[in-house]
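Coordinate inspection notes
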Amino acid sequence: QVQLVESGGGLVQAGGSLRLSCAASGRTFSSCRMGWFRQAPGKERELVAAIRWYSGTTLYGDSVKGRFTISRDNAKSTVYLQMNSLKPEDTDVYYCAVDLDVSVYYWRPDEYDYWGQGTQVTVSS
């Protein structure tokens with residue numbers, strides 16, 4: 001049973017930083033892609049960043065390029081999202097997800113097979 005557990009969310013002032021963690025368990029993930037998505041109430045879930053577990057190849061949403069960094073720790077089976085220069089518009093619930101088949105449609109939430117419970121990030125102005 002695949003489990004993804006996020007942590008690290010919270011309240012931060014604009015311009016500040018947070019690091020989210022996603023601990024993955026239940027199988028080996030070396031052939032998978034991990035993604036971070038975010039969603040505000042009434043809006044669609046959007047891709048923030050994704051990483052191929054084996055190669056470390058990364059992808060980012062346009063709104064976070066240059067500010068956020070996704071990484072993984074193989075030994076800990078954990079994926080991180082370092083968020084710098086945070087803005088009030090980054091306020092959302094952030095979700096970790098795994099795509100077992102590494103779809104070419106990496107930005108589409110429905111291509112991901114398992115999801116974490118989400119962690120709230122709030123950026124005050």
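First things first, this report covers the structure right here in the doc. What you are looking at is a predicted structure, and each value in this text was computed from that prediction instead of being measured. (Residues numbered from 1 in each chain as written. Predicted model: local features only at pLDDT ≥ 70, side-chain atom pairs only at ≥ 80, totals over all residues. Heavy atoms only, no water.)

1. Topic: the sheet that holds strand β3 (residues 18-25)
- Taken in spatial order, the four strands of this open sheet run β1-β3-β8-β7, and their pairing is antiparallel. Two strands lie at the open edges of the sheet, namely β1 (3-7) and β7 (68-73), each paired on one side alone. Neighbour to neighbour, the strand axes of the sheet diverge by 15° on average, direction disregarded.
- Pairing of β1 with β3, which is carried by five bridges, proceeds in the antiparallel orientation. (Pairing = 2+ DSSP bridges. Helix = DSSP H or I, 4+ residues; strand = E, 2+ residues; numbered from the N terminus. Axes fitted to C-alpha atoms, helices over the stretch in contact; angles between N-to-C directions.)

2. What to know about the nonpolar core
- Residues Met34, Trp36, Leu81, Met83 and Tyr94 are the most contacted members of the largest nonpolar core, which totals 27 residues.
- At the level of secondary structure, the elements contributing two or more residues to this core comprise β3, β4 (33-39), β5 (46-52), β7, β8 (78-83), β9 (92-99) and β11 (119-124).
- The element that contributes the greatest number of residues to this core is β3, accounting for four residues.
- If you look at the next biggest cluster of nonpolar residues, it comprises five residues, including Phe37, Leu47, Ala97 and Tyr112. (Core = buried A, V, L, I, M, F, W, Y, C linked by side-chain atoms within 4.5 Å. Buried < 20%, exposed > 50% of the residue type's maximum accessible area, 1.4 Å probe, protein only.)

3. Some thoughts on the pairing of β8
- Of all the six residues making up β8, five are buried; the element is thus mostly covered by neighbouring parts of the structure.
- Here β3 runs beside β8; their pairing, made up of six bridges, is antiparallel. Paired with Arg19 across the bridge in β8 is Gln82.
- With six bridges joining them, β7 and β8 adopt antiparallel strand pairing. When the sheet's bridge partners are listed, Phe68 is paired in β8 with Met83.
- Counting the residues between successive antiparallel strands, the hairpin from β7 to β8 contains four residues, one of them, Ser77, with a positive phi of roughly 50°.

Any functional reading would require information that these geometric values do not contain.
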